Amino acid sequence: MRTQHRVYFQDAADLSPIPAASVELVLTSPPYPMIAMWDESFRRGNRKIAAALERGDGWTAFRWMHEALDRTWREVHRVLRPGGFACLVIGDAVRSLRGRFVLYPNHMRILQALLEIGFTPLPSILWRKQTNAPTKFMGSGMYPAGAYVTLEHEHILIARKGGPREFPSSEEKRRRRESALFWEERNRWYSDVWMDLKGTRQERFGRQGRTRSGAFPFELAFRLVCMYSIRGDTVLDPFLGTGTTLRAAAAAGRHSIGCEIDRALREEILSAPATWIGEAARRVENRLAGHFAFIEARRAAGEPLRHAHRRYGYPVMTRQEIDLELFLPEGIQATAKETLAVIHRVLTPAEYGITPGEGPAAPAAGRGQGRLAFSWAENG
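Being a predicted model, the structure only gives us computed values, none of them experimental.

Asker: Any details on the overall build of the chain? Residues and values, ideally.
Answerer: Within the chain one finds 11 helices and 16 strands. Across the 380 residues in the chain, those meeting the buried criterion constitute 51%. Split by element, the accessible area of the chain, about 18000 Å² in all, is 51% carbon and sulfur.

Quick look at the structure:
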């Protein structure tokens, strides 16, 4: 299998290179209105924003910043195919202007815009970021009526274009079956609160352009790609940043498109593409190891798994998992201007740790020759 990953360096408000109804998933994190690090980005599009901030008129600046983002959400609706999803990672903002501390509810304003454009809102996710500063606080500290709740979560808004997606062709149905999640992944990922993901480093040491990236973790992007698209789909990130969405899409066997207005990020997006392979291999290995550990835990508790994978024979919880395939990116190359192609292959039995004639259930199964293979005894 071969996937393509294309980057356009242009404003997200103009997605004209992308045809209408050609994308199955949009996954992005836009600049956050009223967060100071993004002020300059919004000022470039509307000089009145700087004046509003200077005179302490936060709500006017907030309104104009979101009107700028609305143009992108309208383009997102255009390029999504019917039934396609938009997953938008956004945090609310807190800011003091002229001595007044205020919460600016970005997630509420974006959700309102999506409704007006015609999206169907769906249950969202709260990403509760892990923190190493449990004593952090805002305001007057120990005195009541002057301290503020710390803001340590972000919203993952989820909306769909129209009704449920249809899979009319036999080829799409097959790709959907092969893109199934493991039962234990589905139970953990489809929760409305994610508390097991740390934020990623934001600093961009010694590089041109902005000093902070605003990137979300690879694992967050990988989960959402697997949850809301199938293998061979196209994923779009109109605010690409350092390229996390492209790498997650490649690891999951999806095509991807990114738009980024800041050309200073080109090197980070497109350089050292070989690192994509290692990142993807680790994620596939962890996914498989996690499932085999789940199987061992079920067995140790005396709880049966009633189904087996159709090709490899290892146990699974449901019939919907019996055709699940894990693909491994093994080659990457530049094919055109700012375009990369990734070659994927299906994992071999040896990489699953499967011994012919015994299968993965054999307690004494030895380590296979593939880089992902392991024995149950070592990883149970």
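Asker: Go over the nonpolar core with me, naming the residues and quoting the values.
Answerer: Looking at soluble globular proteins, one finds that nonpolar side chains tend to be buried together. With 68 residues, the main nonpolar core has Met34, Trp73, Ile156, Trp194, Leu220 and Leu224 as its most contacted residues. With nine residues, the top contributor of residues to this core is helix H7 (residues 218-228). Not counting residues up to four positions away in its chain, the partners in contact with leucine 220 are Val89, Trp127, Ile156, Trp194 and Leu197. The next biggest cluster of nonpolar side chains, apart from the first, holds 20 residues, and it includes Phe182, Leu288, Tyr314 and Tyr352.

Asker: Which residues make up the side chain of glutamate 152, and what values go with them?
Answerer: Assignment of secondary structure puts glutamate 152 in the loop between strand S8 (147-148) and strand S9 (153-161). Exposure remark for glutamate 152: the relative accessible area of 15% places this residue in the buried category. Within the structure, glutamate 152 has its side chain in polar contact with the side chain of threonine 150 (distance 2.8 Å).

Asker: Describe the packing of H7 against helix H8 (residues 244-251), listing the residues and the values that go with them.
Answerer: The geometry of a pair of packed helices is captured by two quantities: the angle between their axes and the separation between those axes. Where H7 meets H8, the closest approach of the two axes is 9 Å, and the angle between their N-to-C directions is 50°. What the angle tells us is that H7 and H8 run oblique. In the packing of H7 onto H8, the handedness of the crossing is right-handed. Note on element contacts: H8 touches H7 through Thr244, Arg247, Ala248, Ala249 and Ala251, opposite Phe218, Ala221, Phe222 and Val225. Class assignment for the residues of the contact of H7 with H8 results in seven nonpolar, one polar and one charged.

Asker: Run through the pattern of salt bridges, naming residues and quoting values.
Answerer: Under the defined criterion, the tally for this structure stands at 27 salt bridges. Taking the shortest distance from any N to any O, the salt bridge between arginine 81 and glutamate 172 comes out at 3.2 Å. Pair noted here: arginine 81 is in strand S3 (residues 80-90) and glutamate 172 is in helix H5 (residues 170-178), with a separation of 91 residues, a long-range link. A relative accessible area of 18% places arginine 81 in the buried class. When the shortest N-O distance is used, the salt bridge between arginine 287 and glutamate 185 registers 2.8 Å. Of the two residues, arginine 287 is situated in helix H10 (residues 274-300) and glutamate 185 in helix H6 (residues 183-189); the sequence distance between them amounts to 102 residues. According to the relative accessible area criterion, arginine 287 is buried, its value standing at 10%. Via salt bridges that share partners, Glu24, Arg81, Arg165, Glu171, Glu172, Arg174, Arg175, Glu178 and Asp233 belong to a single interconnected network.

Asker: Provide a residue-level description of H7, including the pertinent values.
Answerer: Across the 11 residues of H7, 11 count as buried, placing the element largely inside the fold. By the burial criterion, the buried members of H7 are Phe218, Glu219, Leu220, Ala221, Phe222, Arg223, Leu224, Val225, Cys226, Met227 and Tyr228.

Asker: An account of a nonpolar patch on the surface is needed here, citing residue identities and associated values.
Answerer: On the surface, Leu126, Val193 and Met195 cluster together into a nonpolar patch covering about 240 Å² of accessible area. Here leucine 126 shows up in strand S6 (residues 119-128). On the accessibility criterion, leucine 126 (32% relative accessible area) is partly exposed.

Asker: Requested: an account of the sheet that holds strand S16 (residues 339-346), with residues and values cited.
Answerer: Reading across from one edge, S10-S6-S9-S3-S2-S11-S12-S1-S16-S15 is the order of the 10 strands in this open sheet, with mixed pairing throughout. Sheet topology places strand S10 (193-194) and strand S15 (327-336) at the edges, where each strand pairs with a single neighbour. Pairing of S6 with S10 involves two bridges; the strand directions are parallel. Counterpart to tryptophan 127 in the pairing with S10 is tryptophan 194. In the packing of helix H3 (residues 58-79) onto the sheet, the strands contacted are strand S2 (23-28), S3, S6, S9 and strand S11 (234-237), and the crossing angle to S3 comes to about 145°.

Asker: Go over H8, please, and point to the residues and values.
Answerer: Of all the eight residues making up H8, eight are buried; the element is thus mostly covered by neighbouring parts of the structure. Buried within H8 are the following residues: Thr244, Thr245, Leu246, Arg247, Ala248, Ala249, Ala250 and Ala251. One or two residues past the end of H8 sits glycine 253, with phi positive at roughly 75°.

Asker: Which residues make up the pairing of S9, and what are the values?
Answerer: Of all nine residues making up S9, eight are buried, and the element is well covered by its neighbours. Sheet analysis places S3 next to S9, joined by six bridges and oriented antiparallel. Pairing of cysteine 87 across the sheet is with isoleucine 158, part of S9. Here eight bridges tie S6 to S9, and the two strands are oriented antiparallel to one another. The partner of leucine 126 across the bridge, within S9, is histidine 155.

Asker: Give me the side chain of glutamate 24: which residues, what numbers.
Answerer: Its location among the elements puts glutamate 24 in strand S2. Polar side-chain contacts of glutamate 24 include one of 3.4 Å to the side chain of arginine 81. Sequence-distant contacts of glutamate 24, defined by excluding residues within four places in its chain, comprise Leu80, Arg81, Gly84, Phe85, Arg165, Tyr228, Asp233 and Thr234.

Asker: Can you lay out the packing of aromatic side chains for me, pointing to particular residues and giving the numbers?
Answerer: In total, this model carries 11 aromatic pairs according to the counting rule given. Arranged with centres 6.2 Å apart and planes meeting at 70°, the rings of tryptophan 73 and phenylalanine 239 form a pair that is edge-to-face. One end of the pair, tryptophan 73, is in helix H3; the other, phenylalanine 239, is in the loop between S11 and H8, with 166 residues separating them in the sequence. The structure contains a cluster of three or more aromatic residues connected by ring pairs, namely Trp59, Phe62 and Tyr104. Sitting above the plane of the tryptophan 194 ring, arginine 223 keeps its charged end 4.9 Å from the centroid.

Calculation criteria
Positions within a chain are numbered from 1, following the residues in the order the chain's sequence is written. Only residues with pLDDT of at least 70 are given local features in this predicted model, and only at 80 or more are side-chain atom pairs given and counted; all residues enter the totals for whole chains, interfaces and linings. Side-chain measures were taken over the full set of non-hydrogen atoms in the model, leaving aside hydrogen atoms and water. Numbered from the N terminus, helices here are DSSP runs of H or I no shorter than four residues, and strands are runs of E no shorter than two. Buried, partly exposed and exposed residues are distinguished by accessible area as a fraction of the type maximum, computed with a 1.4 Å probe on protein chains only: under 20%, between the cut-offs, and over 50%, respectively. Computed by Shrake-Rupley with a 1.4 Å probe, the accessible areas treat only the displayed protein chains as cover when residues are assessed. The criterion is simple. A nonpolar core is a set of buried Ala, Val, Leu, Ile, Met, Phe, Trp, Tyr and Cys residues joined through side-chain atoms within 4.5 Å. Contact between two residues is taken to exist if any of their heavy atoms lie within 4.5 Å; hydrogens are not considered. As used in this structure description, the phrase polar contact means that two N or O atoms lie within 3.5 Å; if the pair is within protein, one of them must be able to donate a hydrogen and the other to accept it, and residues adjacent in sequence are counted only when both atoms belong to side chains. Axis definition: a line fitted to C-alpha atoms, over the contacting stretch in the case of helices. Angles run 0 to 180 degrees between N-to-C directions. Here the word oblique covers every angle except those under 35 degrees (roughly parallel), over 145 (roughly antiparallel) and from 65 to 115 (roughly perpendicular). It is the rotation of the near helix from the far one that decides the hand of a crossing: anticlockwise by less than a right angle makes it left-handed, clockwise makes it right-handed. As a working rule, the residues Ala, Val, Leu, Ile, Met, Phe, Trp, Tyr, Cys and Pro are called nonpolar, Asp, Glu, Lys and Arg charged, and the rest polar, with Gly in that last group. When a carboxyl oxygen of Asp or Glu is within 4 Å of a side-chain nitrogen of Lys or Arg, the pair counts as a salt bridge. Patch membership is restricted to residues that have no salt bridge and whose relative accessible area is over 30%. Joining uses 9 Å for like charges and 5 Å for the nonpolar side chains Val, Leu, Ile, Met, Phe, Trp and Tyr. Paired strands are those between which DSSP finds at least two bridges. Pairing of aromatic rings covers Phe, Tyr and Trp, the last through its six-membered ring, and needs centres within 6.5 Å; plane angles under 30 degrees mean stacked, over 60 mean edge-to-face, and all others mean tilted. Two thresholds decide whether a charge sits over a ring: the Lys NZ or Arg CZ must be within 6 Å of the ring centre and within 35 degrees of the ring normal.

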